[in-house]
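# Overview (structure and organization)
Okay, here's what each chain looks like letter by letter:
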Amino acid sequence: MRPSRRMAYEWPFAAMGHNRHVIAWTPRFASIPDLVARTGAIATMPLPIARHHVARFGLGVAQLPFNLDSVPVRLCWHERRRTDPLNKWLREQVRVIVEDRMKS
């Protein structure tokens, strides 16, 4: 059985002698920078997304002191649009942009 994503963060911190105190959880990265700026908390998020918000919210960015598995990113659409040429084109454009941004 694979551990949950949340548990994947617990073990490395515990091995370093730290305990996490979670004050909030959100499935959307866009809400995190404002929360961090207002509370002084810290958060984990993909580096390209964090870098995007540094100047706007006056935040700092640091690498985790351990490695984590990558997080899958999914794009969803209605089944009836599966073969639509314009929808297929748009999905491909989004895929290329997201892959490129997640590399930086």
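Shown above is the structure to which this text applies.
These lines cover the structure that appears in this document, whether it is placed above or below. (Residues numbered from 1 in each chain as written. Predicted model: local features only at pLDDT ≥ 70, side-chain atom pairs only at ≥ 80, totals over all residues. Heavy atoms only, no water.)

### Section: the overall build of the protein chain
To keep it simple, the criterion reads: Comment: elements are numbered from the N terminus, with helices defined as DSSP H or I runs of at least four residues and strands as E runs of at least two. It is over C-alpha atoms that the radius of gyration is taken, and the globule rule equals 2.2 Å times the number of residues to the power 0.38. Exposure classes here rest on a 1.4 Å probe applied to the protein chains alone. A residue is buried below 20% of its type maximum, exposed above 50%, and partly exposed in between. Note on contacts: a residue pair is in contact if any heavy atoms of the two residues lie within 4.5 Å. Note that accessible areas follow from Shrake-Rupley with a 1.4 Å probe, and for residues the cover is restricted to the protein chains shown.
Within the protein chain, the secondary structure is distributed over four helices and zero strands. Its C-alpha atoms give the protein chain a radius of gyration of 17 Å, clearly above 13 Å, the size a compact globule of 104 residues would have. Along the three orthogonal principal directions, the C-alpha set of the protein chain runs to about 55 × 40 × 25 Å. By residue count, 12% of the 104 residues in the protein chain fall in the buried class. Contacts in the protein chain between residues at least 24 apart in sequence constitute 37% of all its contacts with a sequence separation of at least 6. Surface exposure of the protein chain reaches about 9000 Å², of which carbon and sulfur atoms provide 56%.

### Digging into the side chain of His 53
Here His 53 shows up in helix α3 (residues 47-57). We classify His 53 as buried; its relative accessible area is 12%. What His 53 contacts, discounting residues up to four positions off in sequence, is Pro 33 and Leu 59.

### As for α3
Buried within α3 are the following residues: Pro 48, Ala 50 and His 53. Of the surrounding secondary structure, the elements contacted by the buried residues of α3 are α2 (32-39) and α4 (85-103). The first or second residue beyond α3 is Gly 58, which carries a positive phi of 65°.

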